[in-house]
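Summary of the model geometry
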Amino acid sequence: LLQYIDKAFGINPEYGSFRKIKILRENKVLKDVDLYEFLLQGKMDLFAFRSGDVILIESVGPYISVSGEVLRPYRFEGKE
């Protein structure tokens, strides 16, 4: 999954969700993916893509921003 997203130039963090990613096969949701689980725990289920599968990255959801006297200001997407 990450290789395909990388080949498509990644997820635009301003518009695209890291938490609401769907894999579609024949226009049906086959799998929901939350990349925060991978980023925080380093785990991701293996998945075999087939020709014609679609990766749908939905719009970013509600988020919280961390700024000010922090080492790395960032915007974290909430979980709905």
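Now for a description of the structure that goes with this document. (Residues numbered from 1 in each chain as written. Predicted model: local features only at pLDDT ≥ 70, side-chain atom pairs only at ≥ 80, totals over all residues. Heavy atoms only, no water.)

1. Examining the pairing of strand S2 (residues 28-33)
As defined by bridge partners, strand S1 (residues 16-25) adjoins S2 across five bridges and the pair is classed as antiparallel. In the strand pairing of S2, Ile23 is matched with Lys31. Hairpin connection of S1 to S2: two residues between the antiparallel strands, including Glu26 at a positive phi of 55°. (Pairing = 2+ DSSP bridges. Helix = DSSP H or I, 4+ residues; strand = E, 2+ residues; numbered from the N terminus.)

2. What to know about the environment of Gly78
Within the fold, Gly78 resides in the segment after strand S5 (74-77). The exposure class assigned to Gly78 is partly exposed, which follows from its relative accessible area of 30%. When the C-alpha positions of Gly78 and Lys7 are compared, they lie 26 Å apart, and in sequence the two are 71 residues distant. Leaving out residues up to four positions away in the same chain, Gly78 has contacts with Arg19, Pro62 and Tyr63. (Buried < 20%, exposed > 50% of the residue type's maximum accessible area, 1.4 Å probe, protein only. Contact = heavy atoms within 4.5 Å.)

3. Observations concerning unusual backbone geometry
Despite not being glycine, Phe9 shows a phi value in the positive range, around 70°. By the element assignment, Phe9 lies in the loop between helix H1 (2-7) and S1. Phi angles above zero are rare outside glycine, and Glu26 is one such case at about 55°. Inspection of the secondary structure assignment puts Glu26 in the loop between S1 and S2.

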